[in-house]
Amino acid sequence: MTRTIRKGMLAAACLAVCLMLSGCWDRTELNELAITSATSFDKTDKGWTISYQVIIPSAISSGYGSGASGGGSAPITVYTTSGKTIREAVSRSVLESPRQLYFAHNRVLIVSERAARAGMNAILDVYFRQPEARETVNILIAEGDPSRMLRQLFAMQRISGEGLQSLIAKESRIDSMLPAVKVYEFAMSIVGDARSGVLPEIYIGGSPDVNGTDQLSKTSLTARLKLGRLALFKADQMVGWLNQREALGVSFIADRIKFATFAFPCGNRGQTEQLGTFRITKSSTKLVPRRAGDRLTMDVRIRTEGALEEMNCALDLLDPSVLQQLEARLKEEIENFVDEAWEAVRTQKTDVLGFADAVHRHDPKYWKKLKKNWDEQFAAISMKTDVKVKIERVGVSTKSFKKLEEQDTE
Amino acid sequence: MKEKITSFQVSALIMFTIAPTGILLVPGAITAFAKQNAWQSAVLGTLIGIGIAALIGYICNQNPGMPLMTWLERRFGRWACVLIGLFLARYYITVSVITLSEFSNFISDEVLHRTPQWLTMTIIMLVVLYAVGQGIETIVRVNMITFLVSALLIAAGSLLIVENMHAKPLLPLWEGSFAPVLKGSLLPASWLSEVAVLLLLAPYIKEKNSAIRTGVAGVALAGAAISATVAVSIATFGPKLVPLITYPGFFIVSVVEIGSLLERLEIVFISIWLLTMYLKLSVLMFGAAQCLIQTFRIRSERPFLLALGLFVVLNAICSWGNAADFYSFTVKAGFLDLLFSNVLLPALIAAGLLVTAKGTRRQRSYDANDS
């Protein structure tokens, strides 16, 4: 009998222990959370203005987008709060939302140019201090009001925060012009030797903005979210913009090219009307610093391989000398990208090319002397480019269409 | 001395007595002063740790298989035994208090933000007391299961983290003087000196005279885990960011994203790590309890364990006002305490053994005659 009582008590104790597994004081119900998919930060004289793109679960499960029928309720809602500090602004959200904000599924962070120029330290601090925030979030910069980007809907992605992240991730993988930069990667770059970084721009092309599902019922949207320029940062403050050609040049020098496609003049030197398209499939860059007295020279050795994707010049692509000629033109074009990028970053005295790291690793003692005044030293460097391009494939057609046409007329 | 465990099981237990807090707190602290060379500090620290393990193993091999305190009493007399017993018990209680605080701080920081720490500490201590009450053989068996699971997980994890690693942050290799590397090696070495728990575990090992091998293997495993975490943290985040991150070991895994299929994997690693923390705390509490039980020949072990557990929990709650107090204590005082209790005291014991070696020989011949 006592054994049965003992067993019973043990079972009761086991059940009582289960009560402790419910999360104690931190018990959270899923339907009490406002899951954010994107956040934007703006800074004014009064403090921070934070906007949140919050997912509406019921609207997503009701099949928006799958039938492309349009109408119905929006899958997201956006609201804005303000405060003297970032977390104060976030805590103000309880004044207007019945649900508690939950940031673990946040995908992108859009920072206004104004806030970026004032400094990113506060944002980074919050991201590294809050255990809930994930540092794998992508950062984008927006000129003007960043909350506009959060309100904009995608035609093919239900949750636009997720859409934005796929947009930048695909671009950086397929085109290499603008890098997809995560919070921790940005933090790494601005505390690195060069103390500088880059972030891509997001903007809305067209008007009016697509803010309602009824606007999605048309085949062509009036406005779309687009990736634009590349923002330059010196320490945590934004200092300027690079255009897309310059951004591609930066990617070449900083060895960030995975794949890229660009047009180049394929005719004789000086003729720029006839163009071909080259797709890079493999590229690597080596930076070799050389010292001559007090003068620093940087050898930039770029080795690129790829395939022709389009040819508008009348050329016989089975002739090796023709390919050599094309490779020379491609080399010139890449040198142009690199030179334009170099001029742009040199004027801004912002080393986003990895030169500081290269000097530090190559000659640590010399780096010790240079690092105090690196921005000036960087601008005084003379850069020498050595580009080698290899056309590996010309596609499944060996002659250009134009060549066939010309042969017929002869 | 009924319970028997193998040498490999003890090596694995030593690894999990050292590594759980080591991989969590060592990378940030040593990268702060040794920068990109911090992994060299960890390797150097491991070599020093192996030396300490050999010393501890040497002492253990002198023990004919008696419980530590009983043996020391026979060799050095009652008063020396009481002094050593009290000192070691104080050390194990202090380290248990620190480990319990680290454990509950982590849970408060990462998982249960609003739950009061006294509750998490009490729950953790109840589980640990249950384990200690079951005996060392049970702890060792649970440890082997955890060891196998974590080995599989680490193998899978290393494949996933390779993509985010770069060699550049680890270069240039020999920049600056060797002094910061040497200074940095003291912290992992002090952590690895926790191998001294072997003094208490050795009498339970089946294989005779295997203590040196057991200790060295345990330290080598733990040292390899710490060194690898340091190197991977720097290769992933660079030497400047690592000191900023409180728990770099988990941060490495948290940045793994393979499409939207695999992400936020740190929760899997945290789950296994929680198991290893229970094991670490169980071993330390086992040490504290055994020192007192053997020294003062306590018979009613269970009520004593409860009292000891309560004492440790209250100490953990009341000792430090805030995170800064706790950090400065563990880095300054805790570090010295580790070296003093795990290296200096065993060195004194070894010296004492050499001096009283005559007595041992006499004892051995007596034992031989007896059998």
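Residues numbered from 1 in each chain as written. Chains lettered and ligands numbered in written order. Predicted model: local features only at pLDDT ≥ 70, side-chain atom pairs only at ≥ 80, totals over all residues. Heavy atoms only, no water.

With that settled, the discussion passes to the overall build of chain A. A tally of helices and strands in chain A yields 14 helices and 13 strands. For 410 residues, the compact-globule estimate of 2.2 N^0.38 gives 22 Å, and the C-alpha radius of gyration of chain A, at 27 Å, exceeds that figure by more than 25%. Expressed along its principal axes, the backbone C-alpha trace of chain A runs to roughly 105 × 60 × 60 Å. Of all intrachain contacts in chain A linking residues separated by at least 6 positions in sequence, the fraction that spans at least 24 positions is 71%. Accessible area of chain A: about 20300 Å², with a carbon and sulfur share of 52%. (Helix = DSSP H or I, 4+ residues; strand = E, 2+ residues; numbered from the N terminus. Rg over C-alpha atoms; globule rule 2.2 N^0.38 Å. Contact = heavy atoms within 4.5 Å. Areas by Shrake-Rupley, 256 points an atom, 1.4 Å probe, with all protein chains shown as cover.)

On to the interface of chain B and chain A. Taken residue by residue, the interface counts 30 residues in chain B and 27 residues in chain A. With both chains or domains summed, chain B and chain A bury close to 2400 Å², and 58% of this area falls on carbon and sulfur atoms. For the interface between chain B and chain A, the tally reads one salt bridge. Applying the counting criterion to the chain B and chain A interface returns two residue pairs in polar contact (both at pLDDT 80 or more). Looking at the side of chain B that touches chain A, the elements with two or more residues in it are helix 4 (78-110), helix 5 (117-134), helix 9 (211-241) and helix 10 (248-254) of chain B. If you tally residues by element for the side of chain B that touches chain A, the top one is helix 9 of chain B, at five residues. (Buried area = accessible area lost by both parts, 1.4 Å probe. Salt bridge = Lys/Arg side-chain N within 4 Å of Asp/Glu carboxyl O. Polar contact = N/O pair within 3.5 Å; in protein donor to acceptor, adjacent residues only side chain to side chain.)

All names here are of chain A. For chain A, the assigned domains read domain 1 (29-242) and domain 2 (244-410). Counting from both sides, the interface comprises 23 residues of domain 1 and, opposite them, 26 residues of domain 2. Carbon and sulfur atoms supply 54% of the area buried between domain 1 and domain 2, which totals about 1900 Å² over both sides. Looking only at domain 1, the three residues that lose the most surface to domain 2 are Met177, Asp193 and Leu242, adding up to 32% of its buried area. Remark: the boundary between domain 1 and domain 2 carries one salt bridge. Between Lys234 and Asp375 there is a salt bridge, and its shortest N-O distance comes to 3.7 Å. Counting every contact that joins domain 1 to domain 2 gives eleven residue pairs in polar contact (both at pLDDT 80 or more). Among the elements that line the side of domain 1 that touches domain 2, the one with the most residues is strand 8 (residues 223-234), at six residues. (Domains from an automatic or database assignment.)

This next bit is on the state of the cysteines. All names here are of chain A. As enumerated under the stated definition, the model contains one disulfide over all chains in all. Between the sulfur atoms of Cys266 and its disulfide mate Cys313 the distance is 1.8 Å. Because the torsion about its S-S bond is 90°, the bridge between Cys266 and Cys313 counts as right-handed. Within this pair, whereas Cys266 is found in the loop between strand 10 (260-265) and strand 11 (275-292), its partner Cys313 is found in the loop between strand 12 (295-311) and helix 10 (320-348), the two being separated by 47 residues in sequence. For the pair Cys266 and Cys313, one class covers both residues: buried. (Disulfide = S-S within 2.5 Å. Buried < 20%, exposed > 50% of the residue type's maximum accessible area, 1.4 Å probe, protein only.)

All names here are of chain A. Enumeration over the complete set of coordinates arrives at 25 salt bridges over all chains. Ionic pairing is found between Asp125 and Arg129, a salt bridge with its closest N-O pair at 2.8 Å. Of this pair, Asp125 and Arg129 both sit in helix 5 (residues 121-129), four residues apart, roughly one helical turn. What makes Asp125 partly exposed here is its relative accessible area of 37%.

Residue and element names in this part refer to chain B. Of note, Ile59 is situated in helix 2 (residues 38-62). Relative accessible area serves as the criterion here: at 0%, Ile59 is assigned to the buried category. Expressed as a C-alpha distance, the spacing of Ile59 and Ile298, which sit 239 residues apart in the sequence, is 25 Å. Excluding anything up to four places from it in sequence, Ile59 contacts Trp71, Leu199, Pro346, Ile349, Ala350 and Leu353.

Time to look at a nonpolar patch on the surface. Residues Trp25(A), Trp118(B), Leu310(B), Leu314(B) and Ile317(B) make up a contiguous nonpolar surface patch of about 540 Å² in total accessible area. Per-element tally for the nonpolar patch: the top contributor is helix 12 (residues 301-318) of chain B, with three residues. (Patch = residues over 30% accessible without salt bridge, like charges linked within 9 Å, V, L, I, M, F, W, Y side chains within 5 Å.)

Residue and element names in this part refer to chain B. Assignment of secondary structure puts Glu194 in the loop between helix 7 (179-192) and helix 8 (198-201). Residue Glu194 is classed as buried on the basis of its relative accessible area, which comes to 6%. With sequence-adjacent residues up to four places away left out, Glu194 is seen in contact with Thr17, Ile18, Tyr91, Val95, Lys280, Leu338 and Asn342.

To continue, consider the packing of helix 9 (residues 244-253) of chain A against helix 10 of chain A. Each pair of packed helices gets described by two things: the angle between the helix axes and the distance between those axes. Residue and element names in this part refer to chain A. In the contact formed by helix 9 and helix 10, the axes pass within 7 Å of each other and the chain directions differ by 100°. Taken together, helix 9 and helix 10 sit at an angle that is classed as roughly perpendicular. Here helix 9 contributes Arg245, Glu246, Leu248, Gly249, Val250, Phe252 and Ile253 to the contact with helix 10, which in turn contributes Glu333, Ile334, Asn336, Phe337, Val338, Glu340, Ala341, Ala344 and Val345. Along the lines of polarity and charge, the residues of the contact of helix 9 with helix 10 split into ten nonpolar, two polar and four charged. (Axes fitted to C-alpha atoms, helices over the stretch in contact; angles between N-to-C directions. Parallel < 35°, antiparallel > 145°, perpendicular 65-115°, else oblique. Nonpolar A, V, L, I, M, F, W, Y, C, P; charged D, E, K, R; others polar.)

Residue and element names in this part refer to chain B. Relative to the elements of secondary structure, Ala289 occurs in helix 11 (residues 266-296). Taking relative accessible area as the criterion, Ala289 reaches 2% and is therefore assigned buried. A C-alpha to C-alpha distance of 7.4 Å links Ala289 and Ala89, two positions 200 residues apart in sequence. In this structure, Ala289 is in contact with Phe304, Leu305 and Leu308, ignoring residues within four places of it in sequence.

Below, the discussion takes up the packing of aromatic side chains. A complete count under the given rule lists 28 aromatic pairs over all chains for this structure. When the centroid spacing of 6.3 Å and the interplanar angle of 15° are considered together, the rings of Phe252(A) and Phe337(A) count as stacked. Of the two residues, Phe252(A) sits in helix 9 while Phe337(A) sits in helix 10, which places them 85 residues apart along the sequence. The exposure class assigned to Phe252(A) is buried, which follows from its relative accessible area of 0%. Look at Phe87(B) and Phe340(B): their rings are 5.6 Å apart centre to centre, the planes differ by 65°, and that puts the pair in the edge-to-face class. Here Phe87(B) is found in helix 4, whereas its partner Phe340(B) is found in helix 13 (residues 323-355), with 253 residues between them in sequence. Relative accessible area serves as the criterion here: at 24%, Phe87(B) is assigned to the partly exposed category. Residue classification places Phe340(B) among the partly exposed positions, given a relative accessible area of 38%. (Phe/Tyr/Trp six-rings, centres within 6.5 Å; stacked < 30°, edge-to-face > 60°.)

Residues and elements named next belong to chain A. By secondary structure assignment, the location of Glu335 is in helix 10. Residue class for Glu335 comes out buried when judged on its relative accessible area of 17%. Not counting residues up to four positions away in its chain, the partners in contact with Glu335 are Thr385 and Val387.

Before going further, it helps to spend a moment on the sheet that holds strand 12 of chain A. All names here are of chain A. Reading across from one edge, 10-11-12-13 is the order of the four strands in this open sheet, with mixed pairing throughout. Two strands lie at the open edges of the sheet, namely strand 10 and strand 13 (382-393), each paired on one side alone. Sheet twist, expressed as the average angle between the axes of neighbouring strands with direction ignored, equals 40°. Both strand 12 and strand 13 contribute to a ladder of eleven bridges, which runs parallel. Counted as the bridge partner of Asp299 is Lys384 from strand 13. Here helix 9 sits on the sheet and contacts strand 10, strand 11, strand 12 and strand 13; the angle it forms with strand 11, its principal contact strand, is near 55°. Against the sheet, helix 10 touches strand 10, strand 11, strand 12 and strand 13, its axis set at about 140° to strand 13. (Pairing = 2+ DSSP bridges.)

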